Amino acid sequence: MKSISGKKLCKIVEKQGWILKRVTGSHHIYQKPDSQKILSIPVHRNQDLKLGTLKSLMKIANLSEQDLL
């Protein structure tokens, strides 16, 4: 699996129906209207996310590797 930047992940989750609730520092906080789940995506310039962080966020957002392409 290839890592992607926080900015790119934000665009992907927005297409999946997640709504940006607030920005706290460098973390973008997303929530789905029909769910209580919260995503906190770190956006540090254009740096790629660490694989463990990316996999954890993907699990919460129910994303597959195909969604990242």
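The text that follows walks through the structure, step by step, so that each part is easy to find. Owing to the predicted nature of the structure, the values given are computational and were not obtained by experimental measurement.

Conventions and cut-offs
Residues numbered from 1 in each chain as written. Predicted model: local features only at pLDDT ≥ 70, side-chain atom pairs only at ≥ 80, totals over all residues. Heavy atoms only, no water. Helix = DSSP H or I, 4+ residues; strand = E, 2+ residues; numbered from the N terminus. Polar contact = N/O pair within 3.5 Å; in protein donor to acceptor, adjacent residues only side chain to side chain. Contact = heavy atoms within 4.5 Å. Core = buried A, V, L, I, M, F, W, Y, C linked by side-chain atoms within 4.5 Å. Buried < 20%, exposed > 50% of the residue type's maximum accessible area, 1.4 Å probe, protein only. Pairing = 2+ DSSP bridges. Axes fitted to C-alpha atoms, helices over the stretch in contact; angles between N-to-C directions. Arc of directions from axis to C-beta.

### Thoughts on the side chain of Ser 5
Reasoning step 1: Tracing the chain through its elements places Ser 5 in the segment before helix H1 (6-15).
Reasoning step 2: A polar atom in the side chain of Ser 5 sits 3.2 Å from the backbone nitrogen of Lys 8.
Reasoning step 3: Ignoring anything within four residues of it in the chain, the contact list for Ser 5 reads Asn 46, Gln 47, Asp 48 and Leu 49.

### Quick look at the nonpolar core
Reasoning step 1: Leu 9, Val 13, Leu 39 and Ile 41 are the most contacted members of the largest nonpolar core, which has 17 residues in total.
Reasoning step 2: Counting residues per element, the ones that place at least two in this core are H1, strand E3 (38-42) and helix H2 (51-61).
Reasoning step 3: Setting aside its immediate chain neighbours within four residues, Leu 39 contacts Val 13, Trp 18, His 28, Ile 29, Tyr 30, Leu 57, Ile 60 and Ala 61.

### Quick notes on the sheet that holds E3
Sheets are built from strands that pair by backbone hydrogen bonding, the pairs being arranged parallel or antiparallel.
Reasoning step 1: The three strands are arranged E1-E2-E3 in an open sheet whose pairing can be described as antiparallel. Looking at the sheet topology across the chains shown, the edges are occupied by strand E1 (19-24) and E3. Across the sheet, the mean angle from the axis of one strand to that of its neighbour is 25°, orientation sign disregarded.
Reasoning step 2: Alignment of E1 against strand E2 (residues 27-31), held across five bridges, turns out to be antiparallel. Bridging from a neighbouring strand, Val 23 pairs with His 28 of E2.
Reasoning step 3: Packing against the sheet, H1 makes contact with E2 and E3, and its axis sits at approximately 155° to E3.

### Re H1
Reasoning step 1: Where H1 is concerned, the buried positions are Gly 6, Leu 9, Cys 10, Ile 12 and Val 13. Viewed end-on, H1 has its buried residues packed into an arc of 165°, placing them on one side of the element. For H1, exposure combined with an orientation more than 90 degrees from the buried face picks out Lys 11 and Lys 15.
Reasoning step 2: Elements in contact with the buried residues of H1: E2, E3 and H2.
Reasoning step 3: Following H1 by one or two positions, Gly 17 adopts a phi angle in the positive range, close to 105°.

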